[in-house]
Structures are given as structure tokens and as C-alpha cells.
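Listed below, chain by chain, are the residues.
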Amino acid sequence: MRIVLGVGGGIAAYKVASLLRLFTEAGHHVTVIPTEAATRFVGTATWEALSGNPVSNSVFDDVHQVNHVRLGHEADLVVIAPATADLLAKAATGQAGDLLTNTLLMAHGPVLFAPAMHTEMWQHAATRANVETLRSRGVAVLEPAIGRLTGSDSGPGRLPEPEVIFDAAMALVEGQSDYQLPLAGRTVTISAGGTREPLDPVRFLGNRSSGKQGVALAVAARNAGATVRLIAAHMEVLPPPGVDVIKVETALQLREAALAAAADSDVVIMSAAVADFRPAEVSSTKIKKRDDTADPVITLVRNPDILHELVERRNSSGSAEGEQLIVGFAAETGDSHGDVLAYAEAKLQRKGCDLLVVNHVGADKVFGQDTNSVVILARSGSEPQEASGTKTQVSAAIISRIGFELNHVSPRT
Ligand code: CTP
């Protein structure tokens, strides 16, 4: 496929180098047209080296090839990223002052704008009107992501992650008229990793969760267009870019963070391994071994069941089931009293969540590994769905099932 990648003059231009990589690695021929302002952020040499094609933004280069006509005509797809307020305005009013805007006027194929700018600029009436004009002409304009902007400020206006733009572009080419991603406009809270319950300032009770599944879920949800909050207990992997991270240590901290985040979330996924018990007492000083006293005994008390509490809060808040989707995870080994699925079915009913993702665990299974095999049970009673493969593939299946479940419900405002 021939793609024209127009790069606007914004700080997010550096992220578009990754988008270019995704296009070329998928085998597409990409011509990059940076605006003049864009070359102040990322130089022409970078675009030429990464695309393997010459780069210009002047209608006066290679005039004999009539580039401004040829590029637009030949393109199977035009993607503009970052689409600045200036570029949106120029495109909406049909200006043609440089090679990129000329190409946009000549484009026959689908056109996708991925905006990035400060929140005030995105929300300004002029920009809103320009976006509406472009959309009314059948041009796809992605919603910007919500999150950290150039400085310390944050809000809607962040360039969607390169993978998000890539997926949206491919969906657009495949003729999906609704090019918005399955979780666009949705807020998804995901807990990940394992909690640690302190015994004293240096020791804790923990578990073997690596956080890999939760992080893979966060990536899949982000790529599906969601605003993602990752409540991260102890993890052996780094949180992915493009998600808000809330660090926690103990089950009680995780509970507090999850209840607060759930208040305005469309989806809550409890993939963290939460300790069911914590030491009844936490010593403020290191517990020392002594010859003159008996060995210490650790008394444990129950931690609250956060998943169950999330469901109860949702149900008692008056919001209808389905307005917020709550997803639990179950790690089961099965035993002489019941098999894995029997235990999972009972857990689904007991916890009251909408979906339960069931892992079959054993000494060498799941924890810390890169592959996984799960069954997704639904309280609605629909057929159990199996998903297996890398944790990335399993996460994509879980997120796509969540998108399917949410489909008939409009995003929260
Ligand atoms: N969970 C939770 N709060 C807890 C314990 C677990 O929210 N205190 C959540 C987990 O994040 C997971 C689900 O509940 O989504 C299942 O956890 P699991 O430990 O497998 O189930 P339990 O209810 O603890 O049942 P059991 O220990 O009997 O297997």
C-alpha cells in the first residue's frame, strides 16, 4: 500500500517516527511530508532514513514529476500525525500553501488525522468547527488521548500512541466506516502485579505475580483507544507508555486506589494478585531473632475482597449493570473437590463480576511466563470463550470481548 504520512509541527512529531516504522515493517511504501515547522522538531534526514524515500515539503522540488498531484493521486491512504490545530484549520478551509496541503486536496483515498495539541486549543470553538467540517466530508479525525501534555499539564490533546494510529489507519483502509477504536472515549482501570503485605520495615508477604498480564492488558486497552489507568502493585515489568500509573504496595492501598478510579471508569479489570490476608500487626522495627524469647508467630487477618466491593458499589450506586463492566481474574489449580471450571463458575457467582478470566495455574504455569491460556466466563451465561497464546494475544482477546460487551452502551460523559 502507498501511504503519505504528513507530519505536523508539534512536539509529538518524534513519536511519529515509531508510526513510520510500524507502516514500513508492515510492508507499506511510505512518503513522509513534514511541514516546515515539523522539521524543527524532527529533521528531514530522520524521515528519509526511516522511510527509505526522499523527503520534501516544497511544491517546487522535482517539479517535472508534479509531486503535489502525483502523491495525492497515488496514495491509498493519507495519515496526518501530529495533526496540529493549524493543519486541521488549513485542511478544513482547503488551503494549499505547501506540498502537504496540496496533497490533501488531491487525495482520493481515505484520510486520517491524529490530532495533538494543548487541551485549550483542541477544545477551542474554531478547532471544534474545523474537526466537524472535516468529519462531515468523510475525513477520519481520531479523538486525541487524554494524559500528560508537553509540560506538566495534562488533559485531552495527547497524540494517540503509534499503535493506536496504526490500527485506526488499517481499519479505515479496510472500509470500516466507524473508524473509531472499540474502546475510544472509554476509561479503563486495570490493577496489575502482586500486593506486598509488610511484616516489618524490611519484610513482607508477597506472591509470584509478575504483572506481565496486567501490563499486556493495559497496552491492548490503550491500543483500542481507551484512556487507561494502571494501578500497579509490585511488578517485574515496566508500565507501558501512554497510561496513567498509580503505584500501590498493599491490598488496602490497592483497594483505595481501585475504588477511587472506578468512580468514573467504564471498565475495571482486576488482574492484580491481591493478598487475601495481611499480618495482623506490622512491627515498626525489624523483628530480631532472640534466644531469650519464643520464635515469633504471624497472625493473619482477612483483606477486603476488592472485586466484590467494586461490584457492590456499582450495583448500589444506582448505575445499571452494563454501564460499568467489571472483570475479575481467577487463578485456580482445581483439586479433589472440584475442577478448575467448577471452582471458577462458583467464583463468578460469588464475586458477581460481569466477566471472569480463568487461569489454570500450577507450579510451572502462568506466573512470570510470556504465554497463557485462559477461559473467559460471562455472568450473562453465554458460552465460555477460550483464548491462548502470548500474554499480548490473550490480552487482545480479552479487550476485544470487553469492547463487544460494551458495544451497546454509550461512553460516559
Ligand atoms: N481479588 C480482590 N481482592 C482480594 C482478593 C482477590 O479483588 N482480596 C480479586 C483478584 O484481583 C481477582 C479475583 O479477585 O480478580 C480472584 O482472586 P482469587 O484470589 O483467585 O480468588 P479468591 O476470592 O481469593 O478465592 P480463593 O482464594 O478461594 O481462590
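Quick caveat, the model's predicted, so the values are computed rather than measured. (Residues numbered from 1 in each chain as written. Predicted model: local features only at pLDDT ≥ 70, side-chain atom pairs only at ≥ 80, totals over all residues. Heavy atoms only, no water.)

1. Quick word on the side chain of T84
Right, so step 1: In this fold, T84 is placed in the loop between β3 (77–83) and α4 (85–92).
Right, so step 2: Take T84: its relative accessible area is 11%, and that puts it in the buried class. (Helix = DSSP H or I, 4+ residues; strand = E, 2+ residues; numbered from the N terminus. Buried < 20%, exposed > 50% of the residue type's maximum accessible area, 1.4 Å probe, protein only.)

2. Description of the site of the ligand
Right, so step 1: Around the ligand lies a shell of 15 residues, among which M270, A272, L307, F329 and K351 are the nearest.
Right, so step 2: Contacts to the ligand include I306, whose backbone N or O atom sits 3.0 Å from a nitrogen atom.
Right, so step 3: A distance of 2.8 Å is found between an oxygen atom of the ligand and a backbone nitrogen or oxygen belonging to F329.
Right, so step 4: Here the ligand loses 78% of its free accessible area of 570 Å² to cover by the protein chains.
Right, so step 5: When each cavity is represented as a set of grid points, the ligand is found to reside in the largest pocket.
Right, so step 6: Counting only elements with at least two residues in the shell around the ligand, the list comes to α11 (306–316), β16 (325–332) and α12 (340–351).
Right, so step 7: A class-by-class count of the residues in the shell around the ligand yields 9 nonpolar, 1 polar and 5 charged. (Near = heavy atom within 4 Å. Polar contact = N/O pair within 3.5 Å; in protein donor to acceptor, adjacent residues only side chain to side chain. Areas by Shrake-Rupley, 256 points an atom, 1.4 Å probe, with all protein chains shown as cover. 1 Å grid on protein atoms, 1.4 Å probe; cavity = no way out; pocket = protein on both sides within 12 Å on 5 of 7 lines; lining within 4 Å. Sits in = over half its atoms within 2 Å of the grid points. Nonpolar A, V, L, I, M, F, W, Y, C, P; charged D, E, K, R; others polar.)

3. What about the layout of surface pockets?
Right, so step 1: A volume near 1100 Å³ is recorded for the largest pocket.
Right, so step 2: The element that contributes the greatest number of residues to the lining of the largest pocket is β16, accounting for 4 residues.
Right, so step 3: For the lining of the largest pocket, the residue count by class is 17 nonpolar, 15 polar and 10 charged. (Points joined across faces, edges and corners; volume = space filled by probe spheres on them.)

4. Concerning the domain arrangement of the protein chain
Right, so step 1: If you check the domain split of the protein chain, you get domain 1 (2–173) and domain 2 (187–407).
Right, so step 2: Its C-alpha centre places domain 1 at a distance of 39 Å from the equivalent point of domain 2.
Right, so step 3: In this assembly, 6 residues from domain 1 lie in contact with 5 residues from domain 2.
Right, so step 4: Roughly 520 Å² is buried in total at the junction of domain 1 and domain 2, and carbon and sulfur atoms are behind 52% of that figure.
Right, so step 5: Interface area lost by domain 1 to domain 2 is led by I146, E161 and V164, which between them contribute 63%.
Right, so step 6: At the boundary of domain 1 and domain 2, one finds 1 salt bridge. (Domains from an automatic or database assignment. Contact = heavy atoms within 4.5 Å. Buried area = accessible area lost by both parts, 1.4 Å probe. Salt bridge = Lys/Arg side-chain N within 4 Å of Asp/Glu carboxyl O.)

5. Quick notes on the packing of helix α10 (residues 251–262) against α11
Right, so step 1: Look at α10 against α11: their axes get within 10 Å of each other, and the N-to-C directions meet at 25°. Here α10 lies roughly parallel to α11, going by the angle between them. Between α10 and α11 the crossing geometry is right-handed. Across the interface between the two elements, A251, L254, R255, A258, L259 and A262 from α10 touch I306, E309, L310 and R313 from α11.
Right, so step 2: Taken together, the residues of the contact of α10 with α11 break down into 7 nonpolar, no polar and 3 charged. (Axes fitted to C-alpha atoms, helices over the stretch in contact; angles between N-to-C directions. Parallel < 35°, antiparallel > 145°, perpendicular 65-115°, else oblique. Left-handed = near helix turned anticlockwise from the far one by under 90°.)

6. Looking at the packing of aromatic side chains
Right, so step 1: This model, assessed by the stated rule, comprises 1 aromatic pair.
Right, so step 2: Their ring planes at 40° and their centres at 5.6 Å tell us that F23 and F166 sit as a pair that is tilted. Placement of the pair is F23 in helix α1 (residues 13–25) and F166 in helix α8 (residues 162–173), with a sequence separation of 143 residues.
Right, so step 3: For F166, a relative accessible area of 16% gives the class buried.
Right, so step 4: Seen from the ring of W122, R128 lies directly overhead, with NZ or CZ sitting 4.6 Å from the centre. (Phe/Tyr/Trp six-rings, centres within 6.5 Å; stacked < 30°, edge-to-face > 60°. Lys NZ or Arg CZ within 6 Å of the ring centre and 35° of its normal.)

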